[in-house]
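Per-entry structural report
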Protein chains: 2
Amino acid sequence: MIEEKGILFVLSGPSGVGKGTVRRELFEQDNELKYSISMTTRDRREGETEGVDYFYKSREEFEQLIEDKQLLEYAQFVNNYYGTPRKYVEETLAAGHDVFLEIEVQGALQVKENFPEGVFIFLFPPSLEELKTRIVSRGTESQDLVLKRLREARNEIEMMDAYDYVVVNDRVESAVEKIQSIIQSEHCKRDRIAKQYKKLLEDEM
Amino acid sequence: MIEEKGILFVLSGPSGVGKGTVRRELFEQDNELKYSISMTTRDRREGETEGVDYFYKSREEFEQLIEDKQLLEYAQFVNNYYGTPRKYVEETLAAGHDVFLEIEVQGALQVKENFPEGVFIFLFPPSLEELKTRIVSRGTESQDLVLKRLREARNEIEMMDAYDYVVVNDRVESAVEKIQSIIQSEHCKRDRIAKQYKKLLEDEM
């Protein structure tokens, strides 16, 4: 039987680019995607559910999981750990569901290191698009401001290098549509599909 | 200024798979795509227009173009040459339009050789999908028929290896939707976009 394994999609980008808005709109339109559930050492709050909002762990448990390389990424904020458990992601993919992880750039780079088979999407601020227009219609902007924007753009472009796709967040609906296209087309990638069919043939002949 | 170059998309697959139907439906829905116009040595027929239906060439002109490597692929049928002129494709891409070429497998492999930066989509017959179901619900099919279908499937899978994407033509609308996703997501590929932005920065800083 052909196993249609899920794919891990990682959405990231500079802070303020609108990752959360795009992710929420995407999840409203796509009921097949599973959101990656984080693990944390912070206390469970009123109304939160284990395995839905977070997986709750003690500090000792979390540090053991770090040591066992069971986190695709983690970070510490205000004395608590937060991270992405490998086990939940792998089990969800194995069950045939795509997993979607929205995360800042530093975390995405950790995931890339620990789970390179993921598909990494960089949400790009529309400012470079604006910049494009600005540079074209030169003279209306002071040289200093153009240079400042070019420096910012250069930093963002350096960050892009680890990613598979770049989506400009000019309009939320347009960004969501592009991400949906990426999800659908990744499932059509020959190297994914051919491997499955070949495995099928080897198993059966 | 950022040059948004077009992309050459090549749709191919075994004969009888429904390439023409899928291509026609795709063109009804997408007015941005330019169809690759073939070159031929056969006579122009009533109602046909140079540069719309075909580019018409003499045998000598065509053979000179072959020698000058000006054809992405060509073949002879009934004493006439047919081929895909490189110049038309490159000029259309340079003008920012995607070019779409629907062609049989042998021609697609020639294009791949001569224009590897194209995106190659293999339209897959739904039979392997059926096969999948058949193998799963074993016992309802004679062993011989299963083996025959597996051999066919194996041949088709070997052909797939030169392609970037595989789209199963189970329903025309679904195949067209997948091809549209591939077109959109290819335009979001980081290596395409980052190169353009980097060039912009190098030119301007």
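Named according to an unreviewed UniProt entry, chain A is Guanylate kinase originating from Virgibacillus kekensis. Checking UniProt for chain A, the heading Function (unreviewed entry) contains the comment "Essential for recycling GMP and indirectly, cGMP."

1. Things to note about the nonpolar core
Judged by nonpolar contacts, the single largest core of 38 residues is most densely connected at Ile179(A) and Ile179(B). Setting aside residues no more than four positions away along its own chain, Ile179(A) makes contact with Leu11(A), Val22(A), Leu26(A), Phe100(A), Ile121(A) and Val167(A).

2. Quick look at the UniProt feature "binding site: ATP" (unreviewed entry) in chain A
Residues and elements named next belong to chain A. Summarizing the sequence annotation, UniProt attributes the feature "binding site: ATP" (unreviewed entry) to Gly 13, Pro 14, Ser 15, Gly 16, Val 17, Gly 18, Lys 19 and Gly 20 in the numbering used throughout. Here Pro 14 is to be found in the loop between β1 (8-12) and α1 (19-29). Mapped onto the fold, Ser 15 is located in the loop between β1 and α1.

3. Remarks on the packing of aromatic side chains
All names here are of chain A. Counted by the stated rule, this structure contains 20 aromatic pairs over all chains. Summarising the aromatic geometry, the rings of Phe 62 and Tyr 81 are spaced 4.8 Å apart at their centres and angled 5° between planes, so their arrangement reads as stacked. Remark: Tyr 81 occurs in strand β6 (residues 80-85) and Phe 62 occurs in helix α2 (residues 59-67); sequence separation between them is 19 residues. Tyr 81 carries the same exposure label as Phe 62, and that label is buried. An aromatic cluster is built from Tyr 54, Tyr 56, Phe 77 and Tyr 82, whose rings are joined through pairwise contacts.

4. Quick word on the side chain of Ser185(B)
Its location among the elements puts Ser185(B) in helix α7 (residues 172-186). Only 3.3 Å separates the side chain of Ser185(B) from the backbone oxygen of Ile182(B), close enough to count as a polar contact. Once residues within four sequence positions are removed from consideration, Ser185(B) is found in contact with Tyr165(A), Ser181(A), Ile182(A), Ser185(A) and Tyr165(B).

5. Things to note about the pairing of β6(A)
All names here are of chain A. For β6, the buried fraction is high: five of the six residues fall into the buried class. Strand direction decides the pairing type here: strand β3 (residues 39-40) and β6, joined by two bridges, are antiparallel. Across the sheet, the residue bridging to Thr 40 is Tyr 82, located in β6. Relative to β6, strand β5 (residues 71-77) is paired through six bridges, and the arrangement is antiparallel. Bridge pairing in β6 places Ala 75 opposite Tyr 82.

6. Concerning the pairing of strand β8 (residues 119-124) of chain A
All names here are of chain A. Burial runs high along β8: six of the six residues are buried. Because side chains alternate across β8, one face comprises the buried residues Val 119, Ile 121 and Leu 123, and the other comprises Phe 120, Phe 122 and Phe 124, equally buried. Inspection of the sheet shows β1 paired to β8 by four bridges, in the parallel sense. Within the sheet, the bridge partner assigned to Ser 12 lies in β8 and is Phe 122. Looking at chain direction, β8 and strand β9 (residues 165-168) are connected through four bridges and run parallel. Paired with Leu 123 across the two strands is Val 167, which belongs to β9.

7. Things to note about the sheet that holds strand β5 (residues 71-77) of chain B
Ordered by their spatial adjacency, four strands build an open sheet running β4-β3-β6-β5 (chain B), and the pairing between neighbours is mixed. Two strands lie at the open edges of the sheet, namely β4 (55-56) and β5 of chain B, each paired on one side alone.

8. A short note on the packing of α1(A) against helix α7 (residues 172-186) of chain A
If you want to describe how two helices pack, look at the angle between their axes and the distance between the axes. All names here are of chain A. Look at α1 against α7: their axes get within 9 Å of each other, and the N-to-C directions meet at 60°. Relative to α7, the element α1 is oriented oblique. Of the two possible hands of crossing, α1 and α7 adopt the one that is right-handed. Listed contacts from α7 to Thr 21, Val 22, Glu 25, Leu 26 and Gln 29 of α1 are Val 172, Ala 175, Val 176, Ile 179 and Gln 180. Counted by class, the contact of α1 with α7 contains six nonpolar, three polar and one charged residues.

9. As for the sheet that holds β1(A)
Residues and elements named next belong to chain A. Ordered in space as β2-β7-β1-β8-β9, the five strands form an open sheet in which the pairing is parallel. With one partner strand each, in any of the chains shown, β2 (34-35) and β9 form the two edges of the open sheet. Note that β2 and strand β7 (residues 99-102) share two bridges and pair parallel. Residue pairing across strands places Lys 34 opposite Val 99, the latter belonging to β7. Those strands touched by helix α6 (residues 143-160) are β8 and β9, and its axis lies near 170° from that of β8.

10. Here we look at the side chain of Ser36(A)
All names here are of chain A. Its location among the elements puts Ser 36 in the loop between β2 and β3. Assessed through its relative accessible area of 2%, Ser 36 is described here as buried. For Ser 36, the contacting residues outside a window of four places in its chain are Thr 84, Tyr 88, Val 89, Val 99, Phe 100 and Leu 101.

11. Description of the pattern of salt bridges
For the structure on display, the rule yields 16 salt bridges over all chains. For Arg192(A), the salt bridge identified is with Glu186(A), shortest N-O distance 2.4 Å. Under the relative-accessibility criterion, Arg192(A) is labelled partly exposed at 27%. Owing to a relative accessible area of 3%, Glu186(A) belongs among the buried residues under this scheme. Close ionic contact of Glu63(B) with Arg59(B) constitutes a salt bridge, the shortest N to O distance being 3.8 Å.

Conventions we followed
- Residues numbered from 1 in each chain as written.
- Chains lettered and ligands numbered in written order.
- Predicted model: local features only at pLDDT ≥ 70, side-chain atom pairs only at ≥ 80, totals over all residues.
- Heavy atoms only, no water.
- UniProt positions renumbered as here; feature names shortened; annotations may be inferred.
- Core = buried A, V, L, I, M, F, W, Y, C linked by side-chain atoms within 4.5 Å.
- Buried < 20%, exposed > 50% of the residue type's maximum accessible area, 1.4 Å probe, protein only.
- Contact = heavy atoms within 4.5 Å.
- Helix = DSSP H or I, 4+ residues; strand = E, 2+ residues; numbered from the N terminus.
- Phe/Tyr/Trp six-rings, centres within 6.5 Å; stacked < 30°, edge-to-face > 60°.
- Polar contact = N/O pair within 3.5 Å; in protein donor to acceptor, adjacent residues only side chain to side chain.
- Pairing = 2+ DSSP bridges.
- Axes fitted to C-alpha atoms, helices over the stretch in contact; angles between N-to-C directions.
- Parallel < 35°, antiparallel > 145°, perpendicular 65-115°, else oblique.
- Left-handed = near helix turned anticlockwise from the far one by under 90°.
- Nonpolar A, V, L, I, M, F, W, Y, C, P; charged D, E, K, R; others polar.
- Salt bridge = Lys/Arg side-chain N within 4 Å of Asp/Glu carboxyl O.

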